[in-house]
Structure formats: structure tokens, C-alpha cells
Amino acid sequence: ACPTARSGAGLHHEAAAAGNSRATECVIAALSDSLGGSAGYDKILLRAAAGAGKSYALVRMVREALDHPNCTRVAVAAFANKQVFPLAAELGKLLGADRVCLFVAAQRIPDVPSETSAKVTVITQGSAIPNTCAVVLATSHKLGAMGEYSRLMTNLGVASNGNTPFDVLFVDEAWQLPLYLYSRIENLAPVSVGVGDVGQLPPIDPS
């Protein structure tokens with residue numbers, strides 16, 4: 001809880017950031033246990049305070065996952081490109097353009113900010129993802145398109161888990177994603193990590 005002896009937005013932001021950091025540590029530990037086989041989690045959810053480092057937390061979790069010996073490739077999905085583009089830029093800056101692929105529809109190429117395209121590999125087809133890629137970012141619509149799973153499997157093959165093209169599926173702003181859209185992409189990896197703001201509305205389909 002935030003201290004009550006002092007007030008002010010800065011104090012509340014500091015407390016929220018500290019809380020997000022602690023929650024992120026818990027998620028990283030749970031994900032590591034799942035990747036290592038000591039826990040059977042298939043879904044891990046992080047509800048974090050808005051504006052207090054949530055995007056940084058997701059980037060950190062991606063990096064930590066890829067550092068695990070049982071993780072070679074991850075996917076990052078969101079409902080809209082406006083969420084995907086800044087995450088792609090941050091991950092490209094951290095990991096390098098050859099390891100981070102932004103997967104977008106051809107007609108959306110002009111929408112990609114130059115500061116993002118300079119840091120990642122931009123592709124429009126799953127068959128064009130290079131074998132150096134460790135992170136694929138796209139909207140749920142793009143990753144969940146008809147036949148996309150088969151194209152990814154044909155091009156990339158299986159990740160470390162031996163069954164699916166990715167070892168972890170990260171979903172940003174997870175509570176914005178209706179179940180029918182998530183169901184199209186959840187089979188991309190054996191573990192899903194959802195990130196969203198505390199107090200966000202649930203998806204349209206509450207089941």
C-alpha cells in the first residue's frame with residue numbers, strides 16, 4: 001500500500017513502480033519454473049499499475065525468457081499495432097535487429113515508425129522470418145490468421161519445447177483481447193504470459 005504520511009503523484013508513482021517490479025520478479029520466477037519443468041503453469045498473468053514501467057516489465061520478461069536454456073524463440077502479441085510497434089523498438093534496441101522480427105500486414109508497412117523499423121527486421125509473411133529471429137511481434141489478428149500456424153511451423157520448425165514454434169507467448173494489454181482472438185494464438189506456445197493494467201475492463205467475452 002502507498003504510504004499515507006506524505007502525498008503527491010510522485011510518491012504514488014514510486015510505490016506503483018516498486019509494486020510492478022516485485023510482481024515482475026514473481027512472474028519471472030514462475031515462468032522460469034515452467035520452462036524448467038518444475039511447475040506446470042500454462043498461463044501466467046501480470047496485472048500492473050499503468051504508467052509505472054509495465055512495458056519495461058514485458059521487455060525484461062522477454063529477455064529473461066530467452067536467457068533460459070529451454071527457450072529459443074518467443075512471440076509477442078497485442079490487439080493493435082499501436083501496442084506492438086513500441087515494444088518492437090524496445091526489444092530490437094535490446095536484442096538486435098537480426099533477432100527481433102516485426103510481423104505486419106503489407107498495407108501496414110507505411111505505418112511503422114522509422115525509429116521502429118530501424119531497430120528490427122520487418123516482415124509481411126511468416127515464411128520470410130529469418131532463422132536468426134528469437135522474437136516475433138504481431139497483432140493477434142496477424143498471428144491468428146488462417147493457416148499462419150502451419151506457415152510458421154514450416155519455416156521456423158519447433159522451438160525448444162519440441163512441439164510448437166514458440167516456447168512462450170507474451171500478450172500485452174491482455175485484458176483487451178477477447179477470448180475468441182486469444183484462442184486463435186494460444187497454441188503457438190505451451191506457456192502464455194499476459195500483461196495488463198490493474199483495473200482494466202475484462203474482454204468482451206468474459207468466459
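Reference entry: report on the structure contained in this document. Just so you know, these numbers come straight off a predicted model, no measurement behind them. (Residues numbered from 1 in each chain as written. Predicted model: local features only at pLDDT ≥ 70, side-chain atom pairs only at ≥ 80, totals over all residues. Heavy atoms only, no water.)

### A short note on the sheet that holds strand β7 (residues 191-197)
Selection rule: Between any two strands, pairing holds if DSSP finds at least two bridges. Secondary structure counts use DSSP, requiring at least four H or I residues in a row for a helix and at least two E residues in a row for a strand, with both numbered from the N terminus. Inter-axis angles, ranging from 0 to 180 degrees, are taken between N-to-C directions of lines fitted to C-alpha atoms, where helices are fitted over the stretch in contact.
Spatially, β1-β7-β6-β2-β5-β3-β4 is the arrangement adopted by the seven strands of the open sheet, whose pairing is parallel. A single partner strand is all that each edge strand has here, and the edge strands are β1 (43-48) and β4 (121-123). Ignoring which end each strand starts from, the neighbouring axes of this sheet average 20° apart. Sheet topology places strand β3 (residues 100-103) next to β4; three bridges connect them, and they run parallel. Bridging from a neighbouring strand, L102 pairs with V122 of β4.

### Details of helix α6 (residues 148-156)
We count it as follows: Only protein chains enter the accessibility calculation, which uses a 1.4 Å probe; a residue is then buried when its area is under 20% of its type maximum, exposed when over 50%, and partly exposed in between. Directions drawn from the helix axis to the C-beta atoms are what define this arc. The contact definition used throughout considers only heavy atoms, calling two residues in contact when any of these lie within 4.5 Å.
For α6, every residue scored as buried is listed here: E148, L152 and L156. Mapping the buried residues of α6 onto a view down its axis gives an arc of 45°, with all of them on the same face. In this structure, the buried residues of α6 make contact with β3 and α5 (140-143).

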